[in-house]
Amino acid sequence: MPQLILIDIFIFFFGAVVGSFLNVCIYRLPRRESVVFPPSRCTGCDSRIRWYDNVPIISYLALRGRCRTCGASISLQYPVVELINGLLTFFLFLKFGLSPTFGILFLFCSALVVITFIDLEHQIIPDVISLPGILIGFVASFFLPWLGWQASLIGIAAGGGSLLLVAYGYELVAKKEGMGGGDIKLLAMMGAFLGWRAVLFILFASSLIGSIVGITLMLAQKKDSKLAIPFGPFLASGAILYIFFGRQIITWYLSLGAR
Ligand SMILES: [Zn+2]
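Position numbers for residues count from 1 along each chain, tracking the sequence in the order it is written. Restriction of local features to residues with pLDDT of at least 70 applies here, the model being predicted, together with a cutoff of 80 or more for giving and counting side-chain atom pairs; totals for whole chains, interfaces and linings are based on all residues. Heavy atoms from the whole structure form the basis of all side-chain values; hydrogens and water molecules are not counted.

A. Highlighting the overall build of the protein. A tally of regular secondary structure across the protein gives nine helices and zero strands. Helix numbering and strand numbering both begin at the N terminus, where a helix is a DSSP run of H or I of at least 4 residues and a strand a DSSP run of E of at least 2. When the elements of the protein are put in sequence order from the N terminus, they spell out α-α-α-α-α-α-α-α-α. Here the globule rule is a power law, 2.2 Å times the number of residues to the power 0.38, and the radius of gyration is based on C-alpha atoms. Radius of gyration (C-alpha) of the protein: 20 Å, near the 18 Å computed for a compact globule of 259 residues. Accessibility here uses a 1.4 Å probe with only protein chains present; expressed as a share of the type maximum, an area under 20% marks a residue as buried, one over 50% as exposed, and anything in between as partly exposed. Residues counted as buried form 40% of the 259 residues belonging to the protein. We call two residues in contact whenever any of their non-hydrogen atoms come within 4.5 Å of each other. Taking all contacts inside the protein whose residues are at least 6 apart in sequence as the whole, residues at least 24 apart take part in 69%. Every accessible area reported is derived by Shrake-Rupley at a probe size of 1.4 Å, with residue values counting cover from the shown protein chains alone. Of the roughly 15,300 Å² of accessible surface on the protein, a fraction of 69% belongs to carbon and sulfur atoms.

Here you go:
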């Protein structure tokens, strides 16, 4: 039993360490900087961050969120991303064990974390993640017996096609661009990794979550109802919901109709 707990802690910590790298990607990709070089530096005083100040979550707590050299405050986003990725990795491990599915969905979820935080800050979804993601997802489908390459291929077409149609329709009616091209490529990537059934689920779930959050924000802000909310984080939430609870939610939803 203690051995099992040690493995759980190790898996969580592994996810958090990768989360630490994801933080580098989130900061550097939109600035078109290399994610491997140079090593991490404080954005305040440019001093190099030592390995013992770069331990996920723990270093942030130990330093009370401040740079050891200059005392500049470190964004809370760093430990939050590490925590989220650690938890996602842990729950993927609980659900799938050490399997090809675990490895592939671990890659996929890590990409979603990067995309979510970049989209929240910059309102863009980098092609440098979504386009290779479509290809990697398709190749990965050959190793996922529950998916299969046919469902992956249809997923790419359904993901890209459905949002392309929505965007085109919106432009025809509103005479301006609504849905970003980044969302279209992201949903195509999700289709590649999870298949076309997931695309339907994600479209439905993300619209629902997006509406709830949008209405809540509008009510809270009252006057400024034109607040631009990026759609990528809702698509990502829908995809993660599908991975962990998709089957249960679909079964429950179908049982409503059978009554
Ligand atoms: Zn500093």
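B. Expanded view of the pattern of salt bridges. Whenever a carboxyl oxygen of Asp or Glu lies within 4 Å of a side-chain nitrogen of Lys or Arg, that contact is scored as a salt bridge. Applying the stated criterion across every chain yields a total of two salt bridges. A salt bridge links D53 to R68; the nearest nitrogen and oxygen atoms lie 2.8 Å apart. With a gap of 15 residues between them, D53 in the loop between α1 (2-28) and α2 (58-62) and R68 in the loop between α2 and α3 (77-96) connect regions that are remote in the sequence. In this structure D53 comes out as buried when scored by relative accessible area, which is 14%. Classification of R68 as exposed rests on a relative accessible area of 54%. For D127, the salt bridge goes to K185, with nearest N and O atoms at 2.8 Å. With D127 in helix α5 (residues 127-141) and K185 in helix α7 (residues 181-194), this pair connects stretches of sequence that are 58 residues apart. The exposure class assigned to D127 is partly exposed, which follows from its relative accessible area of 34%.

C. Highlighting the layout of surface pockets. Residues are said to line a cavity or pocket when one of their atoms sits within 4 Å of a point; the points come from a 1 Å grid over protein atoms alone, cavities being sets where a 1.4 Å probe fits but cannot get out and pockets being open sets with protein on both sides within 12 Å along at least five of seven lines. Grid points are joined across faces, edges and corners, and a volume is the space filled by probe spheres set on the points. Volume-wise, the largest pocket comes out at about 920 Å³. The wall of the largest pocket is formed by 42 residues, among which R41, C42, I49, I74 and Y78 lie closest to the centre. Counting residues per element, the ones that place at least two in the lining of the largest pocket are α1, α2 and α3. Looking at the lining of the largest pocket, the element that brings in the most residues is α1, giving seven residues.

D. Examining the coordination of the zinc ion more closely. The donor definition counts N, O and S atoms within 2.8 Å of each metal and applies 3.2 Å to Na, K and Ca; water is not among these atoms, so some sites may look incomplete. Coordination sphere of the zinc ion, protein contribution only: C42 (SG), C45 (SG), C67 (SG) and C70 (SG), at 2.3 to 2.4 Å. The site at the zinc ion holds four donor atoms, and with the angles between them running 102 to 116°, its shape is tetrahedral. Expressed as a motif, the donor residue spacing for the zinc ion is C-x2-C-x21-C-x2-C. Here C67 falls in the buried class, since its relative accessible area comes to 12%. Sites are called tetrahedral only when four donors show all angles between 85 and 135 degrees, square planar or octahedral only when four or six donors show opposite pairs over 155 degrees and all other angles between 65 and 115, and irregular in any remaining case.

E. Inspection of unusual backbone geometry at higher detail. Each neighbour pair has its own omega, and for F37 with P38 the value is -5°, a cis peptide bond. Mapped onto the secondary structure, P38 falls in the loop between α1 and α2. Of note, Q123 is a non-glycine position whose phi angle comes to about 55°, a positive value. Its location among the elements puts Q123 in the loop between α4 (100-122) and α5.

F. Here's a closer look at the nonpolar core. Nine residue types can take part in a nonpolar core, namely buried Ala, Val, Leu, Ile, Met, Phe, Trp, Tyr and Cys, and a core is a set of them joined through side-chain atoms within 4.5 Å. Membership of the largest hydrophobic core comes to 52 residues, with the highest contact counts inside it found for L92, F108, M190, L194, I202 and I243. Those elements that provide at least two residues to this core are α1, α3, α4, α5, α6 (149-174), α7, α8 (196-221) and α9 (232-258). Broken down by element, this core gets its largest block of residues, 13 residues, from α4. Once you skip the residues sitting within four places of it in the chain, I243 turns out to touch L92, K95, F96, L105, F108, C109 and L194.

G. Local environment of the packing of α1 against α3. The angle between two axes is taken between their N-to-C directions and runs from 0 to 180 degrees, where each axis is a line fitted to C-alpha atoms and a helix contributes only its stretch in contact. Interaxial distance between α1 and α3 falls to 7 Å at its minimum, and their mutual angle equals 135°. Regarding the angle of α1 to α3, the classification is oblique. The way α1 lies across α3 gives a crossing that is right-handed. Three classes are used: nonpolar for Ala, Val, Leu, Ile, Met, Phe, Trp, Tyr, Cys and Pro, charged for Asp, Glu, Lys and Arg, and polar for all others, with Gly counted as polar. Here the contact of α1 with α3 is built from residues that sort into 15 nonpolar, eight polar and two charged. Any angle that falls under 35 degrees is termed roughly parallel, while one over 145 is termed roughly antiparallel, one within 65 to 115 roughly perpendicular, and all others oblique. Each crossing gets its hand from how the near helix is turned against the far one by less than a right angle, where anticlockwise is left-handed and clockwise is right-handed.

These values are about where atoms sit, not about what they do.
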